[in-house]
Amino acid sequence: MNAHHKLPASPQTIHWGYFDSSIAPAMRIASGDRVTIDTLSGSKEESAQTPTLLPEHAAVLENCAPQLGPHILTGPIWVEGAEPGDTLEIRVESIALRQNWGYNVVRPLRGGLIDDFRTLQILNIPIDIERREAHLPWGLTVPLKPFFGIMAVAPRPEYGRVSSIEPREYGGNMDNKELVEGSTLLLPVQVPGALFSVGDGHAVQGDGEVSLTALETALTGTFQIVLHKATGLNFPRAITPTHYIAMGLDPDLDDAAKQAVREMVAWLVELKGWSPIDAYVSCSLACDLHVTQIVDGNKGVHAMFPRALLDKP
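Here the structure is a predicted model, which means the values were calculated and not measured.

Draft legend 1. The arrangement of helix α4 (residues 276-286) in detail. Of the positions making up α4, those classed as buried are Ala279, Ser282, Cys283 and Ala286. Considered in projection along α4, the buried side chains sweep an arc of 105 degrees and stay on one side of the axis. Pointing more than 90 degrees away from the buried face of α4 are the exposed residues Ile277, Tyr280, Ser284 and Leu285. Where α4 is buried, its residues touch α3 (253-272), β21 (288-293) and β22 (299-306).

Written out as structure tokens, the structure is:
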């Protein structure tokens with residue numbers, strides 16, 4: 001019978017702002033195990049306005065410091081038997097809000113409109129956990145749709161220590177708002193043990209994440225993690241209750257779109273046995289391209305193909 005583990009966030013179980021294949025695992029699990037993981041979000045600056053800081057968040061802020069990037073990541077988790085060339089399947093079973101506030105930051109020289117907004121603004125935004133709504137100070141109420149902006153395996157060793165900001169083939173800061181409860185993320189394993197980490201909790205975000213941040217907050221997620229051997233997957237993919245999703249990541253948004261389409265064409269060939277040109281035409285008729293985010297160095301586009309058209313016998 002598969003085990004169910006709990007991984008809290010603490011100074012001993014987080015890495016702040018970076019990925020590195022040399023980080024010692026915070027936990028070891030077997031394929032098929034379930035893990036409930038607590039995450040945190042926010043530096044001292046971003047958390048200064050709240051009177052309700054989680055005790056473990058206070059401990060991290062007191063004892064840890066960011067390196068390279070801003071994201072507090074819980075993990076990594078070693079998956080027994082994982083090797084480069086395998087695929088890690090991350091089934092997102094549940095996502096829970098951990099606190100009654102979140103924050104949004106606009107920073108000079110960052111975001112989608114750097115010439116228009118040059119002022120630092122940090123908003124502390126109340127979250128109604130029971131109603132699953134956020135109430136903005138100018139009167140807008142936004143329904144919440146929580147997800148983790150970062151889910152990742154460790155990068156290959158030759159990368160060394162890299163920032164948590166730029167998403168790459170190992171996943172990372174993809175900021176894909178479709179990865180909510182009931183979705184599945186497929187990641188290509190880069191190192192022995194896979195070394196899975198998660199963080200960057202978002203209570204809600206629009207496609208694009210145009211002002212640099214979403215409604216950032218602390219979340220708890222429960223995941224089932226399944227290892228698939230020797231799959232040859234090269235880039236992240238996702239499956240939601242309604243869509244197959246292929247990812248594209250590149251500093252150039254056009255090139256990110258091309259990659260997303262190429263990844264979807266290849267996936268349709270695998271799934272249905274169609275010729276590449278038939279898959280390409282199918283994408284033109286039935287696949288939607290969404291701008292995942294434009295603020296993380298490597299911009300994101302995700303291609304969404306309806307499962308209703310593909311899962312028929």
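From this point, the narrative continues.
Draft legend 2. Spotlight on the sheet that holds strand β15 (residues 184-188). As summarised here, the arrangement of the 9 strands in space is β1-β5-β18-β7-β15-β19-β20-β22-β21, forming an open sheet in which the pairing is mixed. The open sheet has two edge strands with one neighbour each: β1 (4-7) and β21. Across the sheet, the axes of successive neighbouring strands diverge by a mean angle of 25 degrees, strand direction being ignored. One ladder, built from 3 bridges, connects strand β19 (residues 237-239) with strand β20 (residues 243-250); its direction is antiparallel. Each residue of the ladder has a partner; that of isoleucine 239, found in β20, is tyrosine 244. Of the strands in this sheet, β19, β20, β21 and β22 touch α3, which is tilted by about 145 degrees from β20.

Draft legend 3. Looking closely at the nonpolar core. If you look at the biggest cluster of nonpolar residues, it comprises 49 residues, and the most contacted ones within it are Leu88, Met151, Leu185, Phe196, Phe223 and Ile225. When sequence neighbours within four positions are dropped, the list of residues in contact with phenylalanine 196 reads Ile37, Thr74, Gly75, Pro76, Ile77, Leu88, Ile90, Met151, Ala152, Val153, Leu187 and Ile225. Grouped together as the second largest cluster of nonpolar side chains are 17 residues, Ala257, Leu268, Cys283 and Cys287 included.

Draft legend 4. Fine view of the environment of cysteine 287. Inspection of the secondary structure puts cysteine 287 in the loop between α4 and β21. For the pair cysteine 287 and methionine 264, spaced 23 residues apart in sequence, the C-alpha separation works out to 8.8 Å. Those residues in contact with cysteine 287, other than ones at most four positions away along the chain, are Met264, Ser282, Ala303, Met304 and Phe305.

Draft legend 5. Spotlight on the side chain of histidine 15. Within the secondary structure, histidine 15 is located in strand β2 (residues 14-16). Classification of histidine 15 as buried rests on a relative accessible area of 3%. A distance of 2.8 Å separates polar atoms of two side chains, one belonging to histidine 15 and the other to serine 197. Setting aside its immediate chain neighbours within four residues, histidine 15 contacts Ile23, His71, Ile72, Leu73, Gly75, Pro76 and Ser197.

Draft legend 6. How the structure looks around the packing of aromatic side chains. Applying the stated criterion across every chain, the model contains 5 aromatic pairs. Relative to phenylalanine 223, the ring of phenylalanine 148 lies with its centre 5.5 Å away and its plane at 50 degrees, an arrangement referred to as tilted. Of this pair, phenylalanine 148 sits in strand β12 (residues 147-152) while phenylalanine 223 sits in strand β18 (residues 219-228), and the two are 75 residues apart along the sequence. Across the pair, exposure class does not vary: phenylalanine 148 and phenylalanine 223 are buried alike.

Draft legend 7. Fine view of α3. Here α3 contains 20 residues, and its C-alpha end-to-end distance of 28 Å stays within 8% of the 28 Å for a straight helix at 1.5 Å per residue. Looking at the buried side of α3, the elements it contacts are β19, β20, α4, β21 and β22. N-capping of α3 is provided by aspartate 252, with a side-chain oxygen placed 2.8 Å from the backbone N of aspartate 254. Downstream of α3 by a residue or two, glycine 273 has a phi angle that is positive, lying close to 75 degrees.

Parameters and conventions
Residues numbered from 1 in each chain as written. Predicted model: local features only at pLDDT ≥ 70, side-chain atom pairs only at ≥ 80, totals over all residues. Heavy atoms only, no water. Buried < 20%, exposed > 50% of the residue type's maximum accessible area, 1.4 Å probe, protein only. Helix = DSSP H or I, 4+ residues; strand = E, 2+ residues; numbered from the N terminus. Arc of directions from axis to C-beta. Contact = heavy atoms within 4.5 Å. Pairing = 2+ DSSP bridges. Axes fitted to C-alpha atoms, helices over the stretch in contact; angles between N-to-C directions. Core = buried A, V, L, I, M, F, W, Y, C linked by side-chain atoms within 4.5 Å. Polar contact = N/O pair within 3.5 Å; in protein donor to acceptor, adjacent residues only side chain to side chain. Phe/Tyr/Trp six-rings, centres within 6.5 Å; stacked < 30°, edge-to-face > 60°. Expected span 1.5 Å × (residues − 1).

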